[in-house]
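# What the coordinates show
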Amino acid sequence: MKATSIANHEKTFFETGRDSDGKEFMLTEMTVPIKGSNEVMPYIHCRPKNGDTSFYYQEKNTKTQIVLHYTVGYIKGDVAALSRPNNHVSTPFIIARNGTILNLWSSAYWSYHLGSGAIGGNTNGSKRTIGIEMSNIGVLKRIDNKLVTVYSDTDVYCDIREKQFYTKLESPYRGEVYYATFTRRQYYSLLLLLRYLTAEYNIPRAFLPEDKRYSTGVEDELVNFKGIVSHVNYRSSGKWDIGPAFDWNKIMGGLR
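In what follows, the accompanying structure is described. Everything numeric in this text was worked out from a predicted model, so none of it was measured. (Residues numbered from 1 in each chain as written. Predicted model: local features only at pLDDT ≥ 70, side-chain atom pairs only at ≥ 80, totals over all residues. Heavy atoms only, no water.)

## Things to note about the overall build of the protein chain
Regarding its fold elements, the protein chain presents seven helices and twelve strands. Over its C-alpha atoms the protein chain spans a radius of gyration of 17 Å, differing by no more than 12% from the 18 Å that the globule rule assigns to 256 residues. Structurally, the protein chain occupies a C-alpha span of about 50 × 45 × 40 Å along its principal axes. Classification of the 256 residues of the protein chain by burial places 51% in the buried group. Restricting to contacts in the protein chain with at least 6 residues of sequence separation, those with at least 24 account for 64%. Working note: accessible area of the protein chain is about 11900 Å², and carbon and sulfur atoms make up 47% of it. (Helix = DSSP H or I, 4+ residues; strand = E, 2+ residues; numbered from the N terminus. Rg over C-alpha atoms; globule rule 2.2 N^0.38 Å. Buried < 20%, exposed > 50% of the residue type's maximum accessible area, 1.4 Å probe, protein only. Contact = heavy atoms within 4.5 Å. Areas by Shrake-Rupley, 256 points an atom, 1.4 Å probe, with all protein chains shown as cover.)

## Things to note about helix α4 (residues 184-201)
With 18 residues, α4 should reach 26 Å at 1.5 Å per residue; the first-to-last C-alpha distance of 26 Å fits that figure. All buried positions along α4 are accounted for by Q186, Y187, S189, L190, L191, L192, L193, L194, R195, Y196, L197 and T198. Just downstream of α4, N202 is the residue with a positive phi angle, here 55°. (Expected span 1.5 Å × (residues − 1).)

## Focus: the nonpolar core
Judged by nonpolar contacts, the single largest core of 37 residues is most densely connected at L68, I132 and F246. Where this core is concerned, the elements lending two or more residues are β2 (40-48), β3 (65-70), β4 (93-95), β6 (129-134), β10 (166-173), α4 and α7 (248-255). Sequence-distant contacts of I132, that is, excluding residues within four places in its chain, are made with I66, V67, L68, H69, F93, I95, L190, L193, L194 and L197. Counting residues in hydrophobic clusters, the runner-up holds 14 residues, among them F13, Y56, I75 and W105. (Core = buried A, V, L, I, M, F, W, Y, C linked by side-chain atoms within 4.5 Å.)

## A short note on the layout of surface pockets
One number sums up the size of the largest pocket: a volume of about 510 Å³. In this structure, the largest pocket is lined by 31 residues; those nearest its centre are Y70, T71, V72, E133 and K239. Mapped onto the lining of the largest pocket, the elements with two or more residues apiece are β3 and α2 (75-81). No other element matches the three residues that α2 contributes to the lining of the largest pocket. Within the lining of the largest pocket, the residues separate by chemical class into 13 nonpolar, twelve polar and six charged. (1 Å grid on protein atoms, 1.4 Å probe; cavity = no way out; pocket = protein on both sides within 12 Å on 5 of 7 lines; lining within 4 Å. Points joined across faces, edges and corners; volume = space filled by probe spheres on them. Nonpolar A, V, L, I, M, F, W, Y, C, P; charged D, E, K, R; others polar.)

## Some remarks on the sheet that holds strand β8 (residues 146-149)
Read across the open sheet, the five strands follow the order β9-β8-β7-β11-β10; overall the sheet is antiparallel. This sheet does not close on itself; its edge strands, each paired only once, are β9 (156-159) and β10. Taking each pair of neighbouring strands and ignoring which way they run, the sheet shows an average axis angle of 40°. With four bridges connecting them, β10 and strand β11 (residues 176-180) associate as antiparallel partners. Bridged to Y173 within β11 is E176. (Pairing = 2+ DSSP bridges. Axes fitted to C-alpha atoms, helices over the stretch in contact; angles between N-to-C directions.)

## Topic: the environment of L208
Here L208 shows up in the loop between α4 and α5 (210-213). Residue L208 is classed as buried on the basis of its relative accessible area of 10%. Through-space distance from the C-alpha of L208 to that of K226 is 9.6 Å; in sequence the pair is 18 residues apart. Dropping the residues within four chain positions of it, L208 is found in contact with R213, F225, I228, V229 and N233.

## Description of the pairing of β6
Within β6, six of the six residues are buried, which leaves the element mostly enclosed by the surrounding structure. The alternating pattern of β6 places T129, G131 and E133 and I130, I132 and M134 on opposite faces, both of which are buried. Strand direction decides the pairing type here: β3 and β6, joined by six bridges, are parallel. The partner of V67 across the bridge, within β6, is G131. Here β4 runs beside β6; their pairing, made up of three bridges, is parallel. Bridge pairing in β6 links I95 to M134.

Any functional reading would require information beyond the geometric quantities listed.
This is the structure we're talking about:
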């Protein structure tokens, strides 16, 4: 999908409440106060119309970490993938490119989101962490003057001249140089969501040092760290989220 088509794609989801699998959702605008501040966080309460809850576990666990991801997709497919019946691979939050925060289930519950082979174990890690998915296509590949997605060499995302749609790293990260950019509205909404979650669950607004931020963690150190990390810290290969193309300084500065 071209980057210029994404806004309309998101618009139709919020108008119809229908994901790419054809599942229908009730979308309800809500707000929640952020503890210790005068701020409120607007979000969309997003629940399957058929009442399905089989893609997460309604079990409460102590939360010590927030893990940032990106979806490698677009909002209709993102919602579809994270709400497949009986699949138990999901996160409570997705942030659309237009900045809308979607809440699929209570962040007090859990579902698998770190993956097989995750440092410290997928089950234990998923129980004690809160996953946030940023709607973003991720890695891009250059073919001539076009940047294409990981799905197909003919799936053009943007032209190399459309620099607002991608980030080019100075040196490759896990073998890749081009990444789709996150939007200004996504950063703003992520900051609100992080303020809410850190206050709600008493999670420190702490980050890994830069020399460890983009690499797989040492098990004891990562498992015992309390704060905000990303998926790459748990997986040594096969994952690029959320990586150095993400503006960590914007988030760290906004949480101080």
